[in-house]
Every structure is written in structure tokens, then in C-alpha cells.
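# Structural features, examined
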Amino acid sequence: MSDPKTDPKTDPKPTPKISAVICTHNRDNYLGAAIDSLLHQQDFDDYEVVVVDNGSTDGTQAVVEERLPHPRLRYVWEPTLGLSIARNRGARETTAPIIAYLDDDAVASPTWLKHLADAYDTNDKLAIAGGKVTLIWPQGVTPPPWLSENLSGNLGLYDLGDEVVSITQPGLTPRGLNYSIRREFLDRIGGFDPNLGRVGKKLLSNEELYTTEKALQLGWRVAYLPEALVAHNVAPERIDRTWFLRRGWWQGISECYREQLAGSAGPPQLLRGGERILRGLYKAAKYSRDPARRFDNLVYAYGQIGYLVYAVQGMLSPPSESR
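Definitions and limits used
- Per chain, residue numbering runs from 1 following the sequence as it is written.
- Owing to the predicted nature of the model, reporting of local features is limited to residues with pLDDT of at least 70; listing and counting of side-chain atom pairs is limited to 80 or more, with chain, interface and lining totals taken over all residues.
- Excluding hydrogens and water, the side-chain figures rest on all heavy atoms present in the structure.
- Counting from the N terminus, the helices are DSSP H or I runs at least four residues long and the strands are E runs at least two residues long.
- What qualifies as a polar contact is a pair of N or O atoms within 3.5 Å, subject to a donor-acceptor requirement within protein and to the restriction that residues adjacent in sequence count only when both atoms come from side chains.
- Any two residues whose heavy atoms approach within 4.5 Å are treated as being in contact.
- Partly exposed residues are those whose accessible area sits between 20% and 50% of the maximum for their type, while under 20% is buried and over 50% is exposed, using a 1.4 Å probe and protein chains only.
- Working rule for helices: expected span equals 1.5 Å times residues minus one.
- As a rule, the C-alpha atoms of each element are fitted with a line to give its axis, helices using only the stretch in contact, and angles between N-to-C directions run from 0 to 180 degrees.
- For classification purposes, angles smaller than 35 degrees are called roughly parallel, those larger than 145 roughly antiparallel, those between 65 and 115 roughly perpendicular, and all remaining angles oblique.
- We call a crossing left-handed when the near helix sits turned anticlockwise from the far one by less than a right angle, and right-handed when that turn is clockwise.
- Residue polarity follows a fixed list, in which Ala, Val, Leu, Ile, Met, Phe, Trp, Tyr, Cys and Pro are nonpolar, Asp, Glu, Lys and Arg are charged, and the others, Gly among them, are polar.
- Pairing of aromatic side chains here covers Phe, Tyr and the six-membered ring of Trp, requires ring centres within 6.5 Å, and sorts the geometry by plane angle: under 30 degrees stacked, over 60 edge-to-face, intermediate tilted.
- Two thresholds decide whether a charge sits over a ring: the Lys NZ or Arg CZ must be within 6 Å of the ring centre and within 35 degrees of the ring normal.

Here we come to the side chain of N297. Residue placement: N297 occurs in helix α10 (residues 291-316). One polar contact links the side chain of N297 to the main-chain carbonyl oxygen of R293, over a distance of 2.8 Å. Beyond its immediate stretch of four places on either side in the chain, N297 contacts G280, K283, A284 and Y287.

Turning our eyes to something else, we now look at unusual backbone geometry. Even without glycine at this site, N26 takes up a positive phi of about 55°. Looking at the element boundaries, N26 is found in the loop between β1 (18-24) and α1 (28-39). A positive phi is found at D43, a non-glycine position, where the angle reads about 65°. As for its placement among the helices and strands, D43 is situated in the loop between α1 and β2 (47-53). Here D43 falls in the exposed class, since its relative accessible area comes to 61%.

With 12 residues, α1 ought to run about 16 Å at 1.5 Å a step, and its terminal C-alpha atoms sit 17 Å apart, in line with that. For α1, the complete set of buried residues consists of Y30, L31, G32, A34, I35, S37, L38 and L39.

With their axes 8 Å apart at the nearest point, helix α9 (residues 268-286) and α10 run at an angle of 165° to one another. Between α9 and α10, the interaxial angle falls into the category roughly antiparallel. Judged by the twist between their axes, the crossing of α9 over α10 is left-handed. Packed against α9, whose contacting residues are Q269, L270, R272, G273, G274, R276, I277, R279, G280, L281, K283 and A284, the element α10 presents R294, N297, L298, Y300, A301, Q304, I305, Y307, L308, A311, V312 and M315 at the interface. When the residues that make up the contact of α9 with α10 are grouped by side-chain class, the tally is 13 nonpolar, six polar and five charged.

Now for the packing of aromatic side chains. The tally for this structure, following the rule as stated, stands at 10 aromatic pairs. Measuring from centroid to centroid gives 5.6 Å for W146 and F244, while their planes differ by 80°, and the two rings are edge-to-face. Residue W146 is found in the loop between β6 (126-136) and α5 (149-152), and its partner F244 is found in helix α8 (residues 241-261); the two are separated by 98 residues along the sequence. Neither W146 nor F244 differs from the other in exposure class; each is buried. Ring geometry for Y179 and F192: centres 6.3 Å apart, planes at 55°, overall tilted. Of this pair, Y179 sits in strand β8 (residues 178-182) while F192 sits in the loop between α6 (183-188) and α7 (207-217), and the two are 13 residues apart along the sequence. Ring pairing ties together the aromatic residues W146, W243, F244 and F295, which thus form one cluster. Directly above the aromatic system of F192 lies the positively charged group of R87, at a separation of 5.3 Å from the ring centroid. Across from the ring centre of W220, 4.3 Å away, lies the NZ or CZ of K125, which sits over that ring.

Laid out in C-alpha cells, this is it:
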């Protein structure tokens, strides 16, 4: 596999203010639009675009090579699967003080990078920033009646309004598909935890939530920027209840692992998980006539089963080390 990129350590070009990074795995049908949205940014030109190919076996490299004459674009091959691994590789391949991550199936608005840059320029304690996310539904498809606004967040929907918000609750952290981070802070926490974030078909998550927790604990700021807008494609295979159940299961596992990192693992997790399962089932029954609220609570309860399974595994075989 060829790796047509330049070495940031020897490249004579000056360091840009922002490195826009797309981490991708087998999404050649969406990737071109994501890259093009970055190459055609307006009102801001101090940036580069790096595509981290995370072990793709489709036409990903060809999609990038079609655009490689563009002076801003570079391609990096990362064979070890894992979103956090790919994000860390993207950070290592760049030197910009701000790293902006865009998902491979998303499209950035024309002034996305400008709004991110302005936010970091005006607040030197800003560690993390992200913006509003809208959904692009497949042609001829409308949201199904069983899909709640809360579960739409699993598809990427993120809207805290039309004003800038200073995030103080980790649960409100910007979505990873529209996410930027200050390199100084990322280096301080040792990068993204490779045990969080998707790995192939394992729908692990919570890496952004964990990173926001660390930022707030260390006295940094986290911001929601409504004008840093990104649109996210809804893949047809995700418009299926079984996908949301799988996503809920892995969400439970991710939450359990995050508690292990925080030192709050152990027998109390069994009580927490059991109580949450009962709560979810109770609410699913309570809202039996509302398909969206019923399914939302069933997904929540199912996710807590994954939480309990991982909690028991953790007590039988505790992690040998933590970050």
C-alpha cells in the first residue's frame, strides 16, 4: 500500500493554524464529499487536510488520490483498526496547534474552520470545541415513527441552540463527527484512549465525553459553536432498530469502561446497572402507546445489560493499568 504523503517534520511549508483530519474506514461512497467540503472552505485559508485511512479495503485510497494534486491534502495509511488510534495517528502526522476532526460521512459548512479558528483565537483556555450537527437522510427516506430525538443523537444530531454555549456537563460534549481540540491539551492527557472509540464493527463510544471530563477537571474550557455547522449522512443500514440496540449495548460497555478509568468500578455497578434496567423497562411499559419513547427506553435498558456484562468481566479480570 503506497502512502503518498509528505513528512510533517521535513516539509518546508509553515505550520498551519488548523489541521483538519478525516479518519476513515471503508466509506468511499461518502468520503469524497467530506474531503471536498474541507478543500473548499471560505474566509479562512491557514489549514491543511489530512485523511487517515484506517485499514480500508474499498476504494478509499483512490478517492483521496483523485484529489491529491491539491496542495492542502495529504494521505496517511494506518493499519491498526480503531477510531481513537486513527485520531492519534492524525495528530502525530501534523503540527498545527488546533486539530479539527470531521467524520468521513459528514459535510462541513463552508465557514466551519473559520468559526473554529475564531473561537480558539479569542480563548486561550479553550481545549475542545464543536458545532451544530444536522442529519442528511437518504433520498426518499423520512425518520421512522419509533425514532426519538434522543436516539437521533446516535445518528449524530446535535443542537444546543443558536448561541455559543460553555459546556460544563460532559454529557453535552460536542459530537465526535464535528470536533476540534487544542494540541497542547491533547498532548497533556496523552491522546485519545484507544480503548474507547469505534473499532471496526464494535460501536464503542464515550471517548469525547471522557476527554471533556478531563478538560473540565484540569481547568480548561469546552464550547458549543452553533455556526460551526456540519451535516451528517444517515447510512441506510442504520435506519433499523437492531442497529440502535447494538449501539445501546456498546454504549453501556463504554460507560462501564469510563467508570473503571475514574476508579468507580466494583460491586456498586451491579446495583446501578440493575436499577437502570428496571427503570428503562418500566418507562418502556409506561409509554407503550408512544413508539418513539417506548423504543428509546428499551434501547436504554438493553444497553445496561451490556454495562452489567462488562462490569462483571471487570470484577473477575480487573484492568492491569489505567490512564
